[in-house]
Structure formats: C-alpha cells, structure tokens
Amino acid sequence: MWVLAAHLIGVFLWIGGLFTTYWLLRIHAHAPKDVHDKLTLMERSLAMMMDISATLAIGTGLYLAISIHLFTMPHSGWFHAKLAVVVLGILSVHGMVRAKVGKFSRGQTPNVPQWPWSLLLAALCAIVILVVKKPF
C-alpha cells in the first residue's frame, strides 16, 4: 500500500506540475520583458518538481506492475492501453513542456501551442476510465 500511495502522490504532483508549467509558459510567451526572469525561475523550479514526480510515478508504477504480474496477467489489456496513453499522451507533453522551458531559459520566446493542453486532458480522462472500468 505504501508503494501505491507513493505512485499516486507522484502522479498527482506530476500532472499538477505539467498543468502549472504549461500555463506559465503560455503566460510567459505574452508577458512583458521585465518579468521574464521571474517566470523563467518559476518554470525551471516547477519543471524540476515535475521531473522528480514523473520519476516517482513511473518507478513505483513499474514496481507495482511487475510485482503483481500485470504485463503477463490475462485480461490486462486495459493496462497495456494505459501504458500506451501514458507514453503517447503524458510523456510527449512532458517532453514538449521541458523543451519550451529550456528555450525560455536560453532567452528565446517560442510559441506555446494549445494542442498539448487538449492532449493532456484527453490522456488523463482515458487513463482514469481505463483504470476504473478495466474494459478489456
């Protein structure tokens, strides 16, 4: 149960960090020049927390999956679908957000598109449905 608690804490902090960092980046792209340094510092701090939380969530999630044999258990198609959604939906947005934080840190002002927000929300909804309903 401790590992499951650590997994959930990691997931909540990871997703919260993704949400917050994404919207800070959106604000940063349109902010006046005099606040760029403060926004960059906040983004970098949140991104570090996001990375640590992602590591906790992924590490404990893999431990749980291996310890209860989810990779080979019959009727665990929901788990494989969840993994695919995490990799394609959550990790891709994480990478994009991290890349944007790096660009802002180097003084560039890249455009921050809307689609990662939609992808993140869709991925989260799909994950919750897959975990709760276990449809296949």
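Cut-offs applied
- Here the residue index of a chain counts from 1 through its sequence in written order.
- Totals for whole chains, interfaces and linings use every residue, but because this is a predicted model, local features are given only for residues with pLDDT of at least 70 and side-chain atom pairs only at 80 or more, for both listing and counting.
- Only hydrogens and water are set aside; all other atoms, that is, all heavy atoms of the structure, feed into the side-chain values.
- We call a set of buried residues a nonpolar core when its members are Ala, Val, Leu, Ile, Met, Phe, Trp, Tyr or Cys and they connect through side-chain atoms within 4.5 Å of each other.
- Only protein chains enter the accessibility calculation, which uses a 1.4 Å probe; a residue is then buried when its area is under 20% of its type maximum, exposed when over 50%, and partly exposed in between.
- Comment: elements are numbered from the N terminus, with helices defined as DSSP H or I runs of at least four residues and strands as E runs of at least two.
- Note on geometry: axes are lines fitted to C-alpha atoms, helical ones only across the stretch in contact, with angles between N-to-C directions running from 0 to 180 degrees.
- These descriptions rest on fixed angle ranges, namely under 35 degrees for roughly parallel, over 145 for roughly antiparallel, 65 to 115 for roughly perpendicular, and the rest for oblique.
- The handedness criterion is simple: a crossing whose near helix is rotated anticlockwise from the far helix by less than a right angle is left-handed, and one whose near helix is rotated clockwise is right-handed.
- The contact criterion used is simple: two residues touch if any of their non-hydrogen atoms lie within 4.5 Å.
- Note that Gly is not counted as nonpolar here; it falls among the polar residues with everything else outside the nonpolar set of Ala, Val, Leu, Ile, Met, Phe, Trp, Tyr, Cys and Pro and the charged set of Asp, Glu, Lys and Arg.
- Every patch collects residues that have over 30% relative accessible area and no salt bridge, joining them within 9 Å if they carry like charges and within 5 Å if they are nonpolar side chains (Val, Leu, Ile, Met, Phe, Trp, Tyr).
- For every accessible area listed, the method is Shrake-Rupley and the probe measures 1.4 Å; residues are considered covered only by the protein chains on display.
- A pair is scored as a salt bridge if a Lys or Arg side-chain nitrogen falls within 4 Å of a carboxyl oxygen belonging to Asp or Glu.
- Working definition: a ring pair exists when centres of Phe, Tyr or Trp rings (six-membered ring for Trp) sit within 6.5 Å. Plane angles under 30 degrees give stacked, over 60 give edge-to-face, the rest tilted.
- Two limits define a charge over a ring: the Lys NZ or Arg CZ must be within 6 Å of the ring centre, and within 35 degrees of the ring normal.

Undergrad: What is the right way to read the nonpolar core from this model?
TA: One broad trend across soluble globular proteins is that nonpolar side chains are buried collectively. If you look at the biggest cluster of nonpolar residues, it comprises 21 residues, and the most contacted ones within it are Trp-14, Leu-18, Tyr-22, Leu-25, Met-50, Ile-90 and Val-97. Sorting elements by how many residues they give to this core places helix α3 (residues 77-105) first, with seven residues. Ranked by size, the runner-up nonpolar core spans six residues in total, among them Leu-70, Trp-78, Phe-79 and Ala-81.

Undergrad: I would appreciate a short explanation of unusual backbone geometry in the present structure.
TA: With the exception of glycine, the majority of residues adopt a negative phi angle, and the majority of peptide bonds are in the trans configuration. One non-glycine residue, His-75, adopts positive backbone phi at about 60°. With respect to the helices and strands, His-75 occurs in the loop between α2 (36-67) and α3. With a phi angle near 45°, Lys-134 is a residue other than glycine that sits in the positive phi range. Its location among the elements puts Lys-134 in the segment after α4 (115-133). Under the relative-accessibility criterion, Lys-134 is labelled partly exposed at 43%.

Undergrad: In this structure, what is going on with the packing of α2 against α3? I would like to understand it.
TA: Between two packed helices, both the angle of their axes relative to each other and the distance between the axes serve to describe the pair. Two numbers describe how α2 lies on α3: the axes approach to 10 Å, and their chain directions differ by 160°. Overall, the two elements α2 and α3 adopt an arrangement that is roughly antiparallel. Crossing angle aside, the handedness with which α2 passes α3 is left-handed. Here α2 contributes Thr-40, Glu-43, Arg-44, Ala-47, Met-50, Asp-51, Ala-54, Ile-58 and Ala-65 to the contact with α3, which in turn contributes Phe-79, Leu-91, His-94, Val-97, Arg-98, Val-101, Phe-104 and Ser-105. Taken together, the residues of the contact of α2 with α3 sort by class into ten nonpolar, three polar and four charged.

Undergrad: Can you walk me through a nonpolar patch on the surface in this structure?
TA: A surface patch of nonpolar side chains, amounting to about 620 Å² of accessible area, comprises Ile-58, Leu-62, Ile-66, Phe-71, Val-87, Leu-88 and Leu-91. Those elements that place two or more of their residues in the nonpolar patch are α2 and α3. Relative to the helices and strands, Leu-88 is located in helix α3.

Undergrad: What is the right way to read the packing of aromatic side chains from this model?
TA: Aromatic ring pairs are reported here in terms of the distance separating the ring centres and the angle at which the planes meet. All chains considered together, the criterion is met by six aromatic pairs. Residues Phe-19 and Trp-117 carry aromatic rings whose centres are separated by 4.9 Å and whose planes lie at 55° to one another, so their mutual orientation is tilted. Here Phe-19 is found in helix α1 (residues 2-30), whereas its partner Trp-117 is found in helix α4, with 98 residues between them in sequence. Its relative accessible area of 25% is what places Phe-19 among the partly exposed residues. For the pair Trp-78 and Phe-79, a centre-to-centre distance of 5.9 Å together with 75° between the ring planes defines the contact as edge-to-face. Across this residue pair, the class does not change: Trp-78 and Phe-79 are buried. The residue whose ring lies beneath Lys-134 is Trp-78, and the NZ or CZ to ring-centre distance is 4.7 Å.

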